[in-house]
Every structure is written in C-alpha cells, then in structure tokens.
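Remarks on the overall topology
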Amino acid sequence: MNTNIVNIFDQVAKDNSTRVAYDEMGKQTSYGDLKKNTESLAAWLNEQGLTSQSPILVFGDHQVEMITSFLAALKAGHPYIPVSTDSAIPRIQSILDTAKPELIIAVDNFPSEQLQFDAQVVSKEQLASVLATAREFVPGNPVSGDELAYVLFTSGTTGSPKGVEVSHDNFKTFVDWVLDSNFNIPEHANFLGQPPYSFDLSNMYWLPALLSGGTIKAIPHSVVENFGQLFTALPTLDLNVFVGTPSFADMLMLSPAFNEEKMPGLKIFMFCGEELTVKTAKALQQRFPHARIFNTYGPTETTVAISGIEITPEIVANNDRLPVGYAKPGVELSIWDGDKQLTEPGQQGEIIISGNSVARGYMNNPEKTAKAFFEFNGEPAYRTGDAGTLDADGLLHHKGRMDFQIKLHGFRVELDEVRASLEKSPLIKQAVAAPKYNKNGQVAHLIAYVIPQDNDKDQAELTKEIRESLKGLIMPYMMPTQFIYRDSFPMSANGKIAVKQLIKEANQ
Ligand code: AMP
C-alpha cells in the first residue's frame, strides 16, 4: 500500500493521465502533464546542490505551477513554503529572515529588489524552460514520515508571522481523513480552488482533489476580487465541492445565481477558518437544499482541521451557535480550565489538541514553540488559545478566541457570543462586536458593527428597532451602546472577517 503522498499522487496520475487535474479559468493541465512537469522540476531541483531537506519558497497566486512546485519539492525531498503574490514586503522579508530558503521559485515576479536575502531565484521564464525540458527523474527520497512537508506562515495580524512546520505524516493523516471519513467526497469531483495557497485551508482542496482523481477549478485572486467576473464564472465551473470560509460563502450569496438550480452539481460544502453562523448555514440550506454542509475546525498548528460535523437542518434549528464537530482519528480533544486542569463535560475552557495532527512547532522560534507546543499523555499537543466546551460524547463547541474575551462592568463577555446574539435580529445580516476601551485600558462599552438587512429606515430608527428586536435574545449587559452601519466588513488576506482591524478602528 502507498503510504507517501507523492507516490499516491503518481499512481493516481498514471491511472487518470488524460483527465484534467487543474483548470485555471479554462487553462487546463492533465494529470499526465502535471506528473511529467513535477518530475522535470524535481530532477532539476536535484541538480541544484541544495542542502538536504532545506525549504523552497514558492511565490505566486493560483497558477498550476504552484502545485507543480509543491509536488516537485516534495519529490526532491524538500518542504515548500507557499507565499502569496499580494503579500506585503515586510511579511515576505520576515519569512525570508526566518526560513532562509536557498531557492525561491517565482511563479509570479518576485520583488527581489525590495528585499534582502541570499537565495537563488528561479524566474518565471526559467521555470517555464525547466518545465519545457523533459528530464528523467529517478525517484529517490521524497519527503516522508516526520520530515517537513510544508512550512506555513501564519497571517501575523499581531507580531511577525510564525512558520508552522507541518510534517508529511501530519499532512497525510489530514488528507486521509478528508477522503475517508463521512465527508463522502466522490472520485473525480470538481473542487473550488479559491483559498490562497498561503492559507492552510487550501490544503483541504488541492491535495484531496489530486489524490482522488478530481479537478481543481482554480480561481485567481484578481477574479475573486472582481464580483462581476466571479459571479459570471462560478456557474460555468460545474463545481461539486466547495472548500472555503463562511465569509466567502456569504460573499457568493450576494449573487442570486449562487443556488442549486444554477449549480446543480454542488453537493458538498466544507467550511473552516472562522465561525459558521446559524445565519449563513440557514441561507445556504435554502439556496442548496440537497447539499451537505460540513463545519470543520482547527488552527494551522494542527494541520488545517481536526474536527468536523455535518450541519443538518436539525442541528441548525436546535443550536444558537453551531458545533465544530468530533475529533478526527488520531486526535484527542481536551478542555483546560485556568489552572491547566481538565474540565468536566460542558465546562468552558481552553481547547487543547493532541495527537498525530499537531505540527512540530514554529520554525527557528524555540520560545514561541515552547509557549504553545508541549507533550500531553505522551502525544504532541498544542494550546489553541480558543475557548470551547466538549460534550460528554466528544462533540466540540468553539466559543471564540480567548483574547476576544473581555470584562465589561465585571461581566465576562465573549465578543463572538455578542455577535451571535446580535445576528438573531431579523434586521441584521451580519455583525461584529468590538470593545471600546477607556484611557485606563478597561472596556467602557461595546460597539456593534452591523451590515443590516435591506431597509429604508434612517439610522436612529433602525438602531431603535434593532434594540427592540433583540429583547429577550441578548443578555442585557451584552447589548452594545453604539451601532455603526456598514455595507461590508474588511477581510483578511485569508478571506476571514478582519475582527482585529474593526477593534482597532473602534479605538482610534
Ligand atoms: P488559522 O490558523 O488561520 O486557520 O486560524 C485558526 C483559528 O480560526 C482557530 O484557532 C479558530 O479561532 C478559528 N476557527 C477555525 N475554524 C473555525 C470554526 N469552524 N469555527 C470557529 N472558529 C474557527
């Protein structure tokens, strides 16, 4: 049996050589060509005299050369570091300083002149010529076992980005779970390829697609940014599997054409990365009554996602906030109280994840690694900084980030819970709750940022009606004192609502 992702890919590629593996807005690459290209590039990499297992930085957007480079790096025994073209220069510099790659594959133009580093840059043109020259590849030592498969740099909204070191086996057990468990992903499915490769959510589509003979329908960043193009393209893609954040689904639902009638093949929705709200799940169930919706949860440090559950209409009807699922095989979930003691079922605390999904640590950062990674019952473990509860049957509920827990006039308040309560109002489409701090650093009051449902009211009237609509639905001490209306919320590069940015705005 094949136990290495590279070998499994090769076998799938052999069995499906004429099938389309990658389709970037009509530019198609077959499995046969993808395999040939990964071999040419891997053979060329082997000739470069790189230090064994040294990481290769891959810079680009959603081009097929991105995954060609990832697979070639793995084949040649090197982990890859995906970096998005639209990354800010200080972020790229910080990644270069931490990872010190010897080789950079520039699928898009690399801004070398603005950066300081000591590495060979393979330009776009050079890459094209390497791929155009068939080289014989002698399979050697692909990345395997505990060796690193990729290093993913966190978004670094606070402080500099940290490079999460994910091993081959971390990655393999994750993909096994996605393909073998109850997600019921069929062979040869068309996957929406939207999350950028620098966001670990992309691992939920690209490798599962390629190890099941599917097709990645990649959408470049420029199209995601252009609603007109995006909404025109989507119904033409014949999608079967959606992988993305709830915020991205909310954005797609701005298009009336995002529904079952126009996209009858779309049968599976896989969410991760931020809270899937009751509102989004309900709206989606109305648009796609026959699709199956899965909520999954996990930080990058535990390899994409470690829990999952199907969100049925019954679950939506019976929960104010949706559960994030049961642990994947090989993973144990625990909840710690403030004294690092295990809690009773149902009691809230910090979510601790242990087992075969926990990454090795943060690259070249022993202090940050020691703070978050440890050993628990003989297994590698990670402190998530997320608040949650675990039911007696092992069902996990995510309650928000611990650092989004505030004290307001003595009450402990979870900002995500305020948001969830606000969204119970029929007048509110989406909300974010932000604390407003006084000069002593205490929370003076709460501000609600609100995207309202369509209405013709002035703001004072709307606020009054929202307050009335929330009576009995929100704890009185959680009611924000100020409402600010928006047409949309700022988004992070990973397609999540940029809550920290709104909190910053609230306090400027
Ligand atoms: P990242 O490392 O960028 O994938 O972010 C991980 C964080 O996103 C987690 O620690 C959670 O705070 C949040 N998150 C991920 N999945 C979910 C989910 N299904 N529900 C709520 N929050 C989530």
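Look a little higher up for the structure.
Only a predicted model underlies this, so the values are computations on that prediction, with no experimental measurement involved.

**Some details on the overall build of the chain**
Helix and strand counts for the chain stand at 16 helices and 26 strands. The principal-axis extent of the C-alpha atoms belonging to the chain is close to 70 × 50 × 50 Å. The long-range share in the chain, meaning contacts at least 24 apart out of those at least 6 apart in sequence, stands at 66%. Of the roughly 21,400 Å² of accessible surface on the chain, 48% is carried by carbon and sulfur atoms. Of the charged side chains in the chain, 43 are positive and 60 negative, and the gap between their average positions amounts to 5 Å.

**Thoughts on the environment of Leu 50**
By the secondary structure assignment, Leu 50 is in the loop between α2 (31–46) and β3 (56–60). On the basis of relative accessible area, Leu 50 is assigned to the buried category, the value being 15%. Between the C-alpha atom of Leu 50 and that of Pro 101, which follows or precedes it by 51 residues, the distance is 9.7 Å. The contacts of Leu 50, once residues within four sequence positions are left out, are Leu 45, Ile 56, His 78, Glu 102 and Leu 103.

**Observations regarding the site of the ligand**
Of all residues adjacent to the ligand, which total 17 residues, the nearest are Gly 273, Thr 296, Thr 300, Asp 386 and Lys 496. At 3.4 Å from an oxygen atom of the ligand is found a side-chain nitrogen or oxygen belonging to His 398. For the shell around the ligand, the secondary structure elements donating two or more residues are β13 (292–297) and β21 (396–401). When residues in the shell around the ligand are grouped by element, the largest group, three residues, is from β13. Residues of the shell around the ligand, tallied by class, amount to five nonpolar, six polar and six charged.

**What to know about the sheet that holds strand β25 (residues 443–452)**
Pairing in this open sheet of three strands is mixed, and the strands run β24-β25-β26 from one edge to the other. Every other strand in the sheet has two partners, leaving β24 (428–437) and β26 (482–485) as the edge strands with one partner each. In this sheet, neighbouring strand axes are inclined to one another by 25 degrees on average, regardless of whether the strands run parallel or antiparallel. Pairing of β24 with β25 involves nine bridges; the strand directions are antiparallel. Bridged to Tyr 437 within β25 is Val 443. Packing of helix α16 (residues 499–506) onto the sheet brings it into contact with β24 and β25, and relative to β24 it is tilted by some 55 degrees.

**Some words on the pairing of strand β11 (residues 241–244)**
The side-chain alternation of β11 yields two buried faces, one formed by Val 241 and Val 243 and the other by Phe 242 and Gly 244. Sheet topology places β11 next to strand β12 (residues 268–271); four bridges connect them, and they run parallel. From the neighbouring strand, Phe 242 faces β12, where its bridge partner is Phe 269. This β-α-β element, β11 to helix α10 (residues 246–252) to β12, shows right-handed connectivity.

**Focus on the packing of aromatic side chains**
Within this structure, the stated rule accounts for 26 aromatic pairs. Three or more aromatic residues joined by ring pairs make a cluster, and in this case those are Phe 70, Tyr 80, Tyr 150, Phe 171, Tyr 197, Tyr 205 and Trp 206.

**Points about the environment of Pro 329**
Tracing the chain through its elements places Pro 329 in the loop between β15 (326–327) and β16 (331–336). Classification of Pro 329 by relative accessible area gives exposed; the value is 60%. Residues Pro 329 and Ser 357, spaced 28 residues apart in sequence, show a C-alpha to C-alpha distance of 9.4 Å. Beyond its immediate chain neighbours, meaning those up to four positions away, Pro 329 contacts Trp 177 and Asn 356.

**A word on the packing of α2 against helix α3 (residues 64–75)**
In the contact formed by α2 and α3, the axes pass within 8 Å of each other and the chain directions differ by 55 degrees. When the axis of α2 is compared with that of α3, the two are oblique. Crossing of α2 over α3 shows right-handed handedness. Of the residues in α3, those in contact with Leu 34, Lys 35, Asn 37, Thr 38, Glu 39, Leu 41, Ala 42 and Leu 45 of α2 are Val 64, Ile 67, Thr 68, Ser 69, Leu 71, Ala 72, Ala 73 and Lys 75. Class assignment of the residues belonging to the contact of α2 with α3 gives a composition of nine nonpolar, four polar and three charged.

**Describing the nonpolar core**
In a soluble, globular protein the nonpolar side chains are often hidden away together inside. Counting residues in each nonpolar core, the largest one holds 87 residues, and the members touching the most others are Ile 67, Met 204, Trp 206, Leu 210, Ile 216 and Met 270. No other element matches the eight residues that α3 contributes to this core. Core analysis: the second largest hydrophobic core is formed by 33 residues, Val 223, Leu 239, Leu 276 and Leu 395 among them.

So, how was this worked out
Residues numbered from 1 in each chain as written. Predicted model: local features only at pLDDT ≥ 70, side-chain atom pairs only at ≥ 80, totals over all residues. Heavy atoms only, no water. Helix = DSSP H or I, 4+ residues; strand = E, 2+ residues; numbered from the N terminus. Contact = heavy atoms within 4.5 Å. Areas by Shrake-Rupley, 256 points an atom, 1.4 Å probe, with all protein chains shown as cover. Lys, Arg positive; Asp, Glu negative; His and termini not counted. Charge placed at Lys NZ, Arg CZ, Asp CG, Glu CD. Buried < 20%, exposed > 50% of the residue type's maximum accessible area, 1.4 Å probe, protein only. Near = heavy atom within 4 Å. Polar contact = N/O pair within 3.5 Å; in protein donor to acceptor, adjacent residues only side chain to side chain. Nonpolar A, V, L, I, M, F, W, Y, C, P; charged D, E, K, R; others polar. Pairing = 2+ DSSP bridges. Axes fitted to C-alpha atoms, helices over the stretch in contact; angles between N-to-C directions. Right-handed = clockwise from strand over helix to strand, strands pointing away. Phe/Tyr/Trp six-rings, centres within 6.5 Å; stacked < 30°, edge-to-face > 60°. Parallel < 35°, antiparallel > 145°, perpendicular 65-115°, else oblique. Left-handed = near helix turned anticlockwise from the far one by under 90°. Core = buried A, V, L, I, M, F, W, Y, C linked by side-chain atoms within 4.5 Å.

Such coordinate-based values are descriptive only and should not be taken to indicate function.
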